[in-house]
Amino acid sequence: ELGFEVFIELKPDLSKKDFDKFLDDFIVEIEKSKLEFGGGGRKNWEGFITSAEKYKSPDEKHKEKVKQWLISLSEVENVRLGELRDAWHGWD
């Protein structure tokens with residue numbers, strides 16, 4: 001099973017209300033794509049995305065969809081996605 005890291009830098013002046021909206025929208029968008037996210041943060045947000053479906057993996061299309069959605073948001077200042085990698089083994 002594969003997954004990918006995601007690093008999101010939010011606008012420094014983001015209000016709590018706007019952060020909560022971002023978080024709610026992020027969860028909806030990830031779940032809509034049958035993905036799961038583990039991680040968190042506040043202004044710098046990071047984690048790992050993998051498939052919500054057992055024994056399945058996200059692919060490059062999933063990565064691109066997540067990236068395009070994130071960069072379209074006014075709350076987001078910068079986005080970086082890692083390469084697809086084994087979700088369970090081989091971590092440094």
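Structure first, text after, so check above.
Residues numbered from 1 in each chain as written. Predicted model: local features only at pLDDT ≥ 70, side-chain atom pairs only at ≥ 80, totals over all residues. Heavy atoms only, no water.

> How should the nonpolar core be read in this particular structure?
Proteins that are soluble and globular tend to have nonpolar side chains buried together. Counting 19 residues, the largest nonpolar core has Ile8, Phe22, Phe26, Ile49 and Leu70 as the members making the most contacts within it. Sorting the residues of this core by element identifies strand E1 (2-10), helix H1 (16-32), strand E3 (44-51), helix H2 (60-71) and strand E4 (76-81) as the ones contributing at least two each. Not counting chain neighbours up to four residues away, the residues in contact with isoleucine 8 comprise Phe22, Phe26, Lys43, Asn44, Trp45, Leu70, Val76 and Asn78. (Core = buried A, V, L, I, M, F, W, Y, C linked by side-chain atoms within 4.5 Å. Buried < 20%, exposed > 50% of the residue type's maximum accessible area, 1.4 Å probe, protein only. Helix = DSSP H or I, 4+ residues; strand = E, 2+ residues; numbered from the N terminus. Contact = heavy atoms within 4.5 Å.)

> Would you take a moment to explain the environment of glycine 40 for this structure?
Structurally, glycine 40 can be placed in strand E2 (residues 35-41). Classification of glycine 40 as partly exposed rests on a relative accessible area of 24%. In this structure, glycine 40 is in contact with Trp45 and Glu46, ignoring residues within four places of it in sequence.

> Teacher, can you tell me more about the side chain of serine 33 here?
Considering the arrangement of structural elements, one finds serine 33 in the loop between H1 and E2. Apart from residues lying up to four places away in sequence, serine 33 is in contact with His62 and Lys65.

> I would appreciate a short explanation of the packing of aromatic side chains in the present structure.
Remark: the centre distance and the inter-plane angle together describe each pair of aromatic rings, the angle taken between the planes. On inspection of all chains with the given rule, the structure shows 7 aromatic pairs. When the centroid spacing of 6.5 Å and the interplanar angle of 40 degrees are considered together, the rings of phenylalanine 19 and phenylalanine 22 count as tilted. Of this pair, phenylalanine 19 and phenylalanine 22 both sit in helix H1, separated by 3 residues, roughly a single helical turn. A residue is classified by how much of its surface remains accessible, and phenylalanine 19, at 9% relative accessible area, is buried. Between the aromatic rings of phenylalanine 26 and tryptophan 45, the centroid separation amounts to 4.9 Å while the plane-to-plane angle is 85 degrees, which identifies the pairing as edge-to-face. Note that phenylalanine 26 is positioned in helix H1 and tryptophan 45 in strand E3, a separation of 19 residues in sequence. By the burial criterion, phenylalanine 26 is buried, and tryptophan 45 matches it. Aromatic ring contacts, followed pair by pair, group Phe19, Phe22, Phe26, Phe37, Trp45 and Trp69 into a single cluster. Its end group placed over the ring of phenylalanine 19, arginine 42 keeps NZ or CZ at 4.4 Å from the ring centre. One Lys or Arg, arginine 80, reaches over the ring of phenylalanine 7 and ends 4.0 Å from the middle of that ring. (Phe/Tyr/Trp six-rings, centres within 6.5 Å; stacked < 30°, edge-to-face > 60°. Lys NZ or Arg CZ within 6 Å of the ring centre and 35° of its normal.)

Spatial relationships are all this shows, so hold off on functional conclusions.
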